[in-house]
Amino acid sequence: MLKKVLPAAVAASLFAGAASVQAMEISGNVALTSDYRFRGISQSDESIAIQGGFDLGFENGIYVGTWGSSVDFDTNGDGFDGSLELDYYAGWAGEVADNIGIDVGILYYDYPGDDDAEGDYLEFYGSVSLWDVSLGVAYSDDYYGETGEFFYYSADYSLGLTDNLSLDLHAGYNDLDEEGFLSDGATSYTDYSAALTLSWLAVDWSLAWVGTDLDEDEVFGTDWADDTVVFTVSKSM
């Protein structure tokens, strides 16, 4: 229960603190992707996923939002059988010096369709952006499936090739305290991606190469973490 109450309380506090600010921006997004990959691992059984979210941003840098996606963990009745992921988050982002920005916040991952099994978890995150490079860290004291402490370290680089074409590179390191999230004794792995995104006809078209250094034996005999190509069409509003 504490996991559910804490993010709501933090979001409410941040919202109340921002309420006095006159300027508020509401934005939304929707996407269709050939495979929902999160930190390199498929969350949709390598199938198409529908995604979307809404954000409230305030002039002082505070933001709150929610995002959702269809999921499919193909778990054959062991409790993680929900078909929906809902994320709720709140934080602050802003530029602290020329070309130097900070983003810190709290994020709650909710899987409302799970039967008994505890997939929900809370995560704290922070990142520093330096020009086109971003370095981040995330922490959960009890990761997905109640698998203990988790740290995620990431590095991202975005390069504008033309006015409407960009190249985005990503690398992340996943450090798990306990076995269970992965199989065959694995407690850490690296994920990576390279994506080309074209803005055309008021829509973003992305083609990404996504993968990890995990073997199938470490992902419960699946190829969910194998290298693959992911195609995504998205629209921001």
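Residue numbers restart at each chain and count upward from 1, following the sequence in its written direction. Per-residue local features of the predicted model are confined to residues with pLDDT of at least 70, and side-chain atom pairs are confined, for both listing and counting, to 80 or more; whole-chain, interface and lining totals are unaffected and use all residues. Here the side-chain values reflect all heavy atoms present in the structure, with hydrogen atoms and water set aside.

*Asks:* Outline the nonpolar core, supporting the account with residue identities and numerical values.
*Replies:* Grouped burial of nonpolar side chains is what soluble globular proteins tend to show. By nonpolar core is meant a set of buried Ala, Val, Leu, Ile, Met, Phe, Trp, Tyr and Cys residues that side-chain atoms within 4.5 Å join together. Exposure categories follow from relative accessible area, calculated using a 1.4 Å probe and restricted to protein chains: below 20% of the type maximum is buried, above 50% is exposed, and the middle band is partly exposed. I41, Y121, Y143, Y144, F181, L182 and L214 are the most contacted members of the largest nonpolar core, which has 29 residues in total. Under the scheme used here, helices are H or I runs from DSSP no shorter than 4 residues and strands are E runs no shorter than 2 residues, and both carry numbers assigned from the N terminus. Sorting the residues of this core by element identifies β5 (62-70), β7 (100-110), β8 (121-130) and β10 (150-162) as the ones contributing at least two each. In contact with I41, not counting residues within four places along its chain, are Y36, F181, L182, Y189, L214, W224 and A225. The contact criterion used is simple: two residues touch if any of their non-hydrogen atoms lie within 4.5 Å.

*Asks:* Explain the side chain of T33 to me, using residue names and the numbers behind them.
*Replies:* Among the structural elements, T33 can be located in strand β1 (residues 24-33). Polar contacts here mean pairs of N or O atoms no more than 3.5 Å apart (in protein, one a potential hydrogen donor and the other a potential acceptor; neighbouring residues in sequence count only if both atoms are side-chain atoms). Looking at T33, its side chain comes within polar contact range of the side chain of T232, at 2.9 Å. Look past the residues within four positions of T33 in its chain and what remains in contact with it is S47, I48, A49, Q51, V230, F231 and T232.

*Asks:* Before we move on, can you summarise unusual backbone geometry with the specific residues and values?
*Replies:* Positive phi values are uncommon outside glycine, yet D184 reaches one of about 60°. Within the secondary structure layout, D184 lies in the loop between β11 (165-176) and β12 (188-200). Given a relative accessible area of 61%, D184 falls into the exposed group.

*Asks:* An account of the sheet that holds strand β13 (residues 203-212) is needed here, citing residue identities and associated values.
*Replies:* Strands qualify as paired when DSSP identifies two bridges or more between them. One closed barrel accounts for 12 strands, arranged β1-β4-β5-β6-β7-β8-β9-β10-β11-β12-β13-β14; its pairing is antiparallel. Across the sheet, the mean angle separating the axes of adjacent strands is 20° when strand polarity is ignored. Here β1 pairs with strand β4 (residues 49-58) via 10 bridges, running antiparallel. When the sheet's bridge partners are listed, N29 is paired in β4 with G53. In this analysis, axes come from line fits to C-alpha atoms, helices being fitted only over the stretch in contact, and the angle between any two N-to-C directions falls in the range 0 to 180 degrees.

*Asks:* Please give an account of the side chain of D87 that cites residues and values.
*Replies:* With respect to the helices and strands, D87 occurs in strand β6 (residues 84-97). Counted as positive: Lys and Arg. Counted as negative: Asp and Glu. His and the chain ends are not counted at all. Salt bridges are defined as contacts in which a side-chain nitrogen from Lys or Arg sits within 4 Å of a carboxyl oxygen from Asp or Glu. Although D87 is buried, it forms no salt bridge, and the closest oppositely charged side chain is R39 at an N-O distance of 9.4 Å. Once residues lying within four places of it in the same chain are set aside, the contact partners of D87 are G65, T66, W67, L107, Y108, Y109 and D110.

*Asks:* Explain the environment of A93 to me, and be specific about the residues and the numbers.
*Replies:* Its place among the elements puts A93 in strand β6. The spacing of A93 and G105 is 12 residues in sequence and 8.5 Å in space, taken between C-alpha atoms. Among residues more than four places away in sequence, those in contact with A93 are G61, Y63, I102 and D103.

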